[in-house]
Amino acid sequence: MKHSVIPLLLFLATPGPVFSDGVPSEVVTKCQLASQNISLSSLNSTTYFLTENRDDQTRIYLGLCHPLTNLPKPAAEFCDPSAYSCITKIDANGQEVEFIRNAGSNSSEMFLEGQHVALEFRDGSNCTNRFDQSVGYTTRIDFFCNYDSAEDNSVRYEGVLGKCTSQVFWHSSLACLPGQKKSKETGSCVLEIPGYDTKLDLSTWAKDDFYFARSVTGKKRNFQLNICKPVKGLCANDTTICEVDDTEEQLVQNILEKEPQRILTYDEMKEIITLRYVDSNSKKVEINIECDKDAEEPEITLTSNNGNNYKFRFLTKKACFVPSVQCSAENTDGDIYSLEMLKGTEWEVGVADTEKRYSIKVCGSLPMNSDNPCKDQSGVCSYEIDGNQQKNPENLGVMYQKPQVNEDNSISMIYENGDTFTDAKNVTCNKSTEIVLYCSNTEKGPKFEEATDCKHTLNWETPAACPQEKTVSHGCTVREPIYGNLFNISDLYNTANDYVVKHDDLTFLLNVCGPIISNCSDGEICFNHEIDLTYDEATLVMRHNSSSKCAKNPDEYISADIIFLCHHNVTIGAPTVSATDDDCHFNFEWYTEKACPPHERVQCSIAGPNGVVDLTPLSLPRDNYQVAVENGGDFIINICRSLVHSNKSHCPYQSAACFTKTGNNGLVNYDNLGQVSNGLQIDSENKVFLDYKLGSICMDPKSKKAHIETRIHFECAPGVFDSVPEFVEFENCLYVFQWNHAAACPVKQIVEGNCTVTNPASGFTFNLSSLQLPDKNYHWKGTYHHIHGSYQFNVCGPLVSTKCTPGSGMCMGNGTNMGVANANLRIDDGQLSLNYTSGDPCEEDQNMHTVIKFVCPPRRDRDAASGNLEKDGPRLVRRNTRCSSVVEFFTELACDHQVHCEVPNGDTVYSLTKLRRHQSNYHVPNKDPTKSDFIINVCGPLVPADVPMSRCNPHGACSQVDGRFEGLGKVQDSPYLRDNGHAVIDYIDGGLCGNRGQLWSSQIIFSCNSSSSSAEHPFGFPKHISSDNCKNIFHFPTVLACKETYQTQNLSEPDSCQMYHPGISDYVDINSLRRNESYKVKDPESKEKSEYFEIQPCGKSADSCNGAICKVTPFGNYSLGHLNDFTYEPTRESVRVRYLEGSVCNSQNGKKWGSKIFYTCDERVGTGYPTVQTVYDCLVIFDWRTSTFCRKKNPGVIPPIDDEVPTSKTIAPIDDTVPHSNAPIDDFVPEAPTSTYPDKMEDSPPSSGGASWGHLFLVIGFILIIAGVVILYRKPEARERVFRVLQGTRARMPVFLGGRRRDDSTLLVSNGRMSASAFGSLTDDDDFS
């Protein structure tokens, strides 16, 4: 968490007079404190010091022992010659302007202030203080002892105290008191609380007499102590702590001597204030002050006493600080209002004709010091002026939520939880304040409007309440308006080479933040005119123009937008063409760390008893995990790092977990669920977990936590590579997730041979066999550590024509065998390598050996002309010892090209990870039967074991072109969502296409189709659509691209036994899982046989309680819930059935027991048996592997009704046209039968005897019956509606009339919110609408 005030330490030793021997004695005296042997005279040679406060955009110039001299322009024009201190301001245009010409012209003598020294510059410019008195402006400098030479004489400008005093903190080794010179850390009683935008003077928490403390263990002991002030009680010599007897009337001993040194620190992660006392006899007392919401009066206990060292715990509600809030707001039209300019000032406002005053801090807290009459944390404090005194203070609250935009576009800041008020009827409330801001061209400041006993209202006309213009910069820096971060992309300027980007048959030349270096040649499009850099909707965009005319419209020049996107692991990166609006305008994407705001990362591996667990593969540097919530909203999560900033996330920069939800007003609300704190940890069961802390404020009054936290439990699941985190529960301000993944298994060294190896964390198989050279060797010559060498080696095979012995894999130029070749490719902690051992003998009876490390080259520009291309091949041979050598070999075959395979679509996240193959590829027939089939994979490269030629590696698609296999593109970016709702993934940089230098590319378009699954391909199968202009397009209809697949289906019949399984497009009857006697499952957390769970999956309650699942204990039985809803989870290939409304689990908050069963297909186990997966506080999760949830081999279907329907139709095109083609995508599929009759039917033969109304009614009735049957069969929503009515009617009938009995098993029916498409095959219109 960063400090809200960032100091700019700037030492300026400008040429000028040197104040040493020639310094007047009265000036030297003012910089000395002889009684403490302190002198700052050695700093005289510096003519001025400069530091700034970025909150209020002010700079302060300080002349320490003399007036300011030799100031630079324009500051010299803004400061009086006699001033010791001068303050300037930075205006909205970034220009320095005059502010306070004289902030002090008369230097006081240095004086002792508690445990540090101070100096004041007084009698500055006239100023009106808060008592409406005219005084001279003052600058106060507090000096603190410092021993860190790297930060010695660091100067920090804290801003304005009150109205007429500026506060400066100066840390210097010259300011150490004699008793402090043995200590490496120091402090006063003034402390800044990072992240809370407030300062605390701990002496304001001191009592007039003392606090009382007791021991908690061992012998009963009693103490009197105080905070930053002496005890006024039994303690002698004005000490701060002493021990007293049980009667609390006699002194036992003074713990500390008089005036001990004070050391004050703050632990940001633990949120603990630590006050340490150290006296002249080296006795030490440590007081740890912690938040406790219930401790209205402090609770102080002795926690340990070892010799002369004492530790106390000080619990108090005062330490439960409220952090500053985001100081911006957004309305439904997307307008942003930034109040940052109001934060840096403590605003004062009076009430007309009264002595009442209000002190206000915008989006933060007033300093908790002696100047603030409200001693506790407050954002608004009211008081009355009585002469020079402040009386009757009232804490009117702190801001807990960011400002909100009202319907009239005014902005409300709400301050809550102030002092408690009780009226005559004994009704209580907490005082609050609402400040309503209105847009105005001039700053008028806050004005009192009205006040009741519980709420105060103020109005404020200010330019800050006007909508922000889109942030535009004509340089390479731009500040975003919501969090105030300054983005600076100037480092992207390439001083050596321009960036060259090829797209189709076009070549683009560009650079950013500087001119193009190269001369623009014919045929190149050179973007040499930067227009501006903007920040809009969380995206950095730079506009460029070229000097090339657009062929389509000769009156226009070709232009481009460069969109800079955050990637934590790419320092510079390079642009690529992402989309083309037309031939006159191009969009480029540029992934780079320069587009990322401040973020944190922690180590993502930990050593456990069974080996090292490394979750690095789960840590995403350019994406986040998005987990949809059943009741709306999404969890946004990353692992071991802060969230990746993008326009999909509205979360604070430092958050690593966040909840977002769009409200009824259209605004996106978020909750910070915690930020990166520590790395991985191991619990008592040797399982790995990750904690994120310091989230939003915990609003649960029963929770001891000050902030929301998140914990993610990881379970080792061998072979599970495509899972996502699962939300488990929220309790006591703690969000709990569970993640089953192969990456959570201990890392093992894997060796497979044949020059292939499978990464156990991701399931990706590396195949380096194509690197073996059959008729030559790799050569490397170079110098390492001043030793020149010449080497030959081969990969996964012996050298060819070598001086070394046959079978050698690495050979020195002089014929020394450095290791025998083998093909045992191995992966160890993510590192690919070959180990060649048994070379020639070397020192100490050892043999030479060589390790070849294969490295994925950094992906930069894809054209060598940019100078950024990392070429494949050996980069370095390192001789570690005479016997050991290492070869670094760069190859793209060492890159795990798998990408994050999820696509957010509103509140739904399409998880396409199950479409990625790990054992074999998709073999897709070519639309042209005369041409070769395609081999493709999804979201990753082809499986090496299933490719005909090594040329296909590491592409994601491959085919035979003109008799030769060519890679058709590599997967490098995650799939994305088109405007028409289809998910799309692009493969680029394939092999050469034709003779024009173009490269092959491919595109897969995913669309919703629940009827595309089969036993062989449960999630669908791709189809070739077209191949044109070096681009292949495939269509992949799949149930995983349907919103309905991910919806939770609520049940209206709690004992139903049938449910629809989208994964197999069929109903599953779990009635076969019922037993006369309930299933009994051992409780893994209990050692008692008498404690277990009972389960009846549906139809009736378990034996031991009134619920489907029971927890049986010797002390009573508890229901774990009734059947409530179910969800298909494709990543686990499971159906999750949830049971809610069980017995009360937590009597304090009334939370009830719940449970979940994950049903997973397993043909081998038959019915199977439930097992306990995890037990949480009020939730139990079971796994049940069973053949009941497997696809039926011969599913029964209702015979279709004869009807004349077209045999096929053209699907609505997935895209309007194939690129560079006017023809729509030609994709014909059979049309589903329809229940509609032809519009015109053949006339009936005339009947003699006239019309019969009875016959007519019979015919009409017969037609209607047939039509109804057809509709029920072909229209799932109609069938569902009828079934629901019939079941509901039967459920209400008496048993003797055919009503349902308690043990009756019926169809599980939704409550009507399940969409029809979840109950059968989608028509093509459904797929492509």
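As the structure is a computational prediction, the values presented were derived from the model and not from experiment.

Q: Quick question: what am I supposed to make of the overall build of the protein here?
A: The helix and strand inventory of the protein stands at 5 helices and 103 strands. Every one of the 1329 residues in the protein was classed for burial, and the buried ones make up 52%. Partitioning the contacts of the protein with sequence separation of at least 6, the portion at a separation of at least 24 is 53%. Element-wise, carbon and sulfur atoms account for 48% of the exposed surface of the protein, whose accessible area totals about 61,500 Å².

Q: Help me understand the sheet that holds strand E24 (residues 284-291) in this model?
A: Strand pairing in a sheet relies on backbone hydrogen bonds. The paired strands run either parallel or antiparallel. Here 9 strands make up an open sheet; going across it, the order is E21-E20-E19-E18-E25-E26-E24-E23-E22 and the pairing mixed. Each edge of the sheet is formed by a strand with only one pairing partner; in this case those strands are strand E21 (251-254) and strand E22 (261-267). Between one strand axis and the next, the sheet turns through 25° on average, direction left out of account. Two strands pair when backbone bridges link them, and strand E20 (residues 241-244) and E21 are joined in this way by 3 bridges, in the antiparallel orientation. What sits directly across from Cys242, in E21, is Asn254.

Q: Would you explain the sheet that holds strand E32 (residues 389-395) in this entry?
A: Pairing within the open sheet is antiparallel, and its 4 strands lie in the order E29-E30-E31-E32. Each edge of the sheet is formed by a strand with only one pairing partner; in this case those strands are strand E29 (346-350) and E32. The average undirected angle you get between the axes of adjacent strands in this sheet is 25°.

Q: Just to check I follow, could you spell out the side chain of Asp623 for this structure?
A: As for its placement among the helices and strands, Asp623 is situated in the loop between strand E53 (611-614) and strand E54 (625-628). Of the polar contacts made by the side chain of Asp623, one reaches the side chain of Ser974; its length is 3.2 Å. Discounting residues that sit within four places of it in the chain, Asp623 has contacts with Asn638, Val644, His900 and Ser974.

Q: I would appreciate a short explanation of the state of the cysteines in the present structure.
A: Think of a disulfide as a covalent bridge from one cysteine sulfur atom to another cysteine sulfur atom. A complete count under the given rule lists 27 disulfides for this structure. Each sulfur of the disulfide joining Cys1105 and Cys1110 lies 1.9 Å from the other. Across the S-S bond of Cys1105 and Cys1110 the torsion is about -90°, and the bridge reads as left-handed. An identical accessibility class is assigned to Cys1105 and Cys1110; each is buried. In this model Cys1145 forms its disulfide with Cys1178; the gap between the sulfur atoms is 2.1 Å. An S-S torsion of about -80° defines the bridge between Cys1145 and Cys1178 as left-handed. On the criterion of sequence distance, the pair formed by Cys1145 in strand E97 (residues 1144-1146) and Cys1178 in the loop between strand E100 (1170-1175) and strand E101 (1179-1186) is long-range, its members being 33 residues apart.

Q: Please clarify how the packing of aromatic side chains should be interpreted in this entry.
A: In this description, a pair of aromatic rings is defined by centroid distance and the angle of the planes. A full pass over the atoms with the stated rule returns 40 aromatic pairs. Relative to Phe737, the ring of Phe635 lies with its centre 5.0 Å away and its plane at 90°, an arrangement referred to as edge-to-face. Pair noted here: Phe635 is in strand E55 (residues 634-637) and Phe737 is in strand E62 (residues 734-741), with a separation of 102 residues, a long-range link. Relative accessible area serves as the criterion here: at 3%, Phe635 is assigned to the buried category. A relative accessible area of 0% means that Phe737 is categorised as buried. A connected cluster of aromatic rings, assembled from ring pairs, spans Phe635, Phe659, Phe727, Phe730, Tyr735 and Phe737. Here Lys89 stacks its cationic end above the ring of Phe99, 5.3 Å away from the centre of that ring. The residue whose ring lies beneath Lys356 is Tyr358, and the NZ or CZ to ring-centre distance is 6.0 Å.

Q: Looking at this structure, I do not really get the pattern of salt bridges. What am I missing?
A: Opposite charge on two side chains permits them to pair, given that their charged atoms come into close proximity. Evaluated as defined, the whole model comprises 37 salt bridges. Between Glu296 and Lys317 there is a salt bridge whose closest N-O contact spans 3.2 Å. Within this pair, whereas Glu296 is found in the loop between E24 and strand E25 (299-306), its partner Lys317 is found in the loop between strand E26 (309-316) and strand E27 (328-330), the two being separated by 21 residues in sequence. Of the residues examined, Glu296 reaches a relative accessible area of 56% and is grouped as exposed. Here Glu593 and Arg601 are joined by a salt bridge, their closest N and O atoms 3.3 Å apart.

Q: I'm lost on the side chain of Asn937 in this one. Help?
A: Among the secondary structure elements, Asn937 is positioned in the loop between strand E77 (934-936) and strand E78 (957-961). A polar contact is formed between the side chain of Asn937 and the backbone oxygen of Pro941, at a distance of 3.1 Å. Aside from chain neighbours lying at most four places away, what touches Asn937 is Leu915, Arg916, Arg917, Asn921, Tyr922, Leu942, Val943, Gly956, Tyr987 and Ile1004.

Q: Please explain the pairing of strand E30 (residues 356-361) as it appears in this structure.
A: Look at any regular strand and the pattern is simple: side chains alternate between the two faces of the sheet. In terms of burial, E30 is largely enclosed, as 6 of its 6 residues are buried. The alternating pattern of E30 places Lys356, Tyr358 and Ile360 on one face and Arg357, Ser359 and Lys361 on the opposite face, and all of these are buried. In this sheet, E30 lies alongside E29 in antiparallel orientation, the contact comprising 5 bridges. Within E30, the position partnered with Val349 by the bridge is Tyr358. The pairing of E30 with strand E31 (residues 380-386) spans 5 bridges and is antiparallel. Note that in E31 the partner of Tyr358 across the bridge is Ser382.

Q: Would you mind showing me how to read a negative patch on the surface here?
A: Where like charges cluster on the molecular surface, the negative patch consists of Asp555, Glu556, Asp582 and Asp583. Looking at where Asp555 falls in the secondary structure, it is placed in the loop between strand E48 (539-549) and strand E49 (557-566).

Q: Sorry if this is basic, but what is going on with the environment of Asp56 here?
A: For Asp56, the position within the fold is in the loop between strand E4 (48-53) and strand E5 (58-62). Between the C-alpha atoms of Asp56 and Val160, which are 104 residues apart in sequence, the distance is 9.5 Å. In this structure, Asp56 is in contact with Lys89, Gly159 and Gly344, ignoring residues within four places of it in sequence.

Q: What is the right way to look at empty space enclosed by the protein in this model?
A: Empty space left among the atoms is revealed by rolling a probe the size of a water molecule over them. Summed over all chains, the structure comprises 11 cavities of 30 Å³ or more. Taken together, 13 residues form the lining of the second largest cavity, with Phe764, Arg917, His918, Pro941 and Val943 sitting closest to its centre. Taken together, the residues that form the lining of the second largest cavity break down as 5 nonpolar, 6 polar and 2 charged.

Q: It is not clear to me how the environment of Asp292 should be interpreted in this structure. Could you clarify?
A: Of note, Asp292 is situated in the loop between E24 and E25. Leaving out residues up to four positions away in the same chain, Asp292 has contacts with Leu315, Thr316, Lys317, Cys320 and Lys704.

Q: Hey, could you run me through unusual backbone geometry in this one?
A: Glycine aside, the phi torsion of most residues is negative, and most peptide linkages are trans. Backbone torsion omega between Lys73 and Pro74 reads 0°, so that peptide bond is classified as cis. Note that Pro74 resides in the loop between E5 and helix H2 (75-78). Of note, the phi angle at Cys363 is positive, near 65°, even though the residue is not glycine. With respect to the helices and strands, the residue Cys363 is situated in the loop between E30 and E31.

Q: For this particular structure, what's the right way to read the environment of Phe737?
A: Spatially, the C-alpha atom of Phe737 lies 8.6 Å from that of Phe714, the residues being 23 residues apart in sequence. Every residue in contact with Phe737, bar those within four places of it in the chain, is listed here: Phe635, Ile637, Thr710, Arg711, Ile712, His713, Glu726, Phe727 and Val728.

Q: For this particular structure, what's the right way to read the pairing of E101?
A: Where burial is concerned, most of E101 is hidden: 6 out of the 8 residues are buried. Here strand E99 (residues 1154-1161) runs beside E101; their pairing, made up of 8 bridges, is parallel. Opposite Ser1155, over in E101, you have Val1180 as the bridge partner.

Q: Before we go on, may I ask you to explain the confidence of the model for the protein in this structure?
A: Reading predicted coordinates in detail is not appropriate for stretches of low pLDDT. Looking at the protein as a whole, the pLDDT averages 78, with 80% of positions reaching at least 70. In the model, residues 1194-1251 has pLDDT below 50 throughout and makes 73 contacts with residues more than four positions away in sequence or in other chains.

Thresholds applied
- Residues numbered from 1 in each chain as written.
- Predicted model: local features only at pLDDT ≥ 70, side-chain atom pairs only at ≥ 80, totals over all residues.
- Heavy atoms only, no water.
- Helix = DSSP H or I, 4+ residues; strand = E, 2+ residues; numbered from the N terminus.
- Buried < 20%, exposed > 50% of the residue type's maximum accessible area, 1.4 Å probe, protein only.
- Contact = heavy atoms within 4.5 Å.
- Areas by Shrake-Rupley, 256 points an atom, 1.4 Å probe, with all protein chains shown as cover.
- Pairing = 2+ DSSP bridges.
- Axes fitted to C-alpha atoms, helices over the stretch in contact; angles between N-to-C directions.
- Polar contact = N/O pair within 3.5 Å; in protein donor to acceptor, adjacent residues only side chain to side chain.
- Disulfide = S-S within 2.5 Å.
- Phe/Tyr/Trp six-rings, centres within 6.5 Å; stacked < 30°, edge-to-face > 60°.
- Lys NZ or Arg CZ within 6 Å of the ring centre and 35° of its normal.
- Salt bridge = Lys/Arg side-chain N within 4 Å of Asp/Glu carboxyl O.
- Patch = residues over 30% accessible without salt bridge, like charges linked within 9 Å, V, L, I, M, F, W, Y side chains within 5 Å.
- Lys, Arg positive; Asp, Glu negative; His and termini not counted.
- Charge placed at Lys NZ, Arg CZ, Asp CG, Glu CD.
- 1 Å grid on protein atoms, 1.4 Å probe; cavity = no way out; pocket = protein on both sides within 12 Å on 5 of 7 lines; lining within 4 Å.
- Points joined across faces, edges and corners; volume = space filled by probe spheres on them.
- Nonpolar A, V, L, I, M, F, W, Y, C, P; charged D, E, K, R; others polar.
- pLDDT = per-residue confidence, 0-100.

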